[in-house]
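Letter by letter, the chains look like this.
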Amino acid sequence: MKKYVKGILALLIVASLTACGGKESAEAPAATATEPEEKVNPITANKTGIFELEGEISNINTISNTFVLKTGEGDVEIQVRAMSRLMLSGERTSLSAVKSGSHAKGKFKKWSGQDAAMEVVITP
């Protein structure tokens, strides 16, 4: 019985803090002033569906699973997702095995406002 009382009490505390916003003042936060604007790449801004890009890989970030593809038109930041296929020397590989300066050609698509890799063939 004590477990139920403690659980209900904890839920009531959480609900009351959520209802009041957890702040001491009663001011509503300014949502539009502090939200960052969505980055739009001018090279892929008008592309819809699946599109192809080719270029040189640089700025590999294995923490955020991104890399920059330097194309003839400019730089494009690419998001590597769980379903992305990175092919190096005919075998599927991870982003951590890819080296900067490698040539890449592949298919990409917009995913949640970002340019995401679908299938990329990488040549060292």
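Residues numbered from 1 in each chain as written. Predicted model: local features only at pLDDT ≥ 70, side-chain atom pairs only at ≥ 80, totals over all residues. Heavy atoms only, no water.

(A) Local environment of the pairing of strand β2 (residues 66-70). Burial analysis of β2 places 4 of its 5 residues in the buried class, which makes it a mostly covered element. The pairing of strand β1 (residues 50-61) with β2 spans 4 bridges and is classified as antiparallel. Of the residues in β2, the one forming a bridge with S58 is V68. Hairpin connection, β1 to β2: the antiparallel pair is bridged by 4 residues, and N65 has positive phi, about 55°. As paired elements, β2 and strand β3 (residues 75-79) share 5 bridges and run antiparallel to each other. Of the residues in β3, the one forming a bridge with V68 is E77. Linking two consecutive strands that pair antiparallel, namely β2 and β3, is a turn of 4 residues; a positive phi of about 150° is found at G74 within it. (Buried < 20%, exposed > 50% of the residue type's maximum accessible area, 1.4 Å probe, protein only. Helix = DSSP H or I, 4+ residues; strand = E, 2+ residues; numbered from the N terminus. Pairing = 2+ DSSP bridges.)

(B) Structural detail: the side chain of S84. Relative to the helices and strands, S84 is located in the loop between β3 and β4 (85-88). Residue classification places S84 among the buried residues on the basis of a relative accessible area of 7%. Only 2.9 Å separates the side chain of S84 from the backbone nitrogen of R81, close enough to count as a polar contact. Ignoring sequence-local partners within four residues, the contact set of S84 consists of Q79, R92, A117 and M118. (Polar contact = N/O pair within 3.5 Å; in protein donor to acceptor, adjacent residues only side chain to side chain. Contact = heavy atoms within 4.5 Å.)

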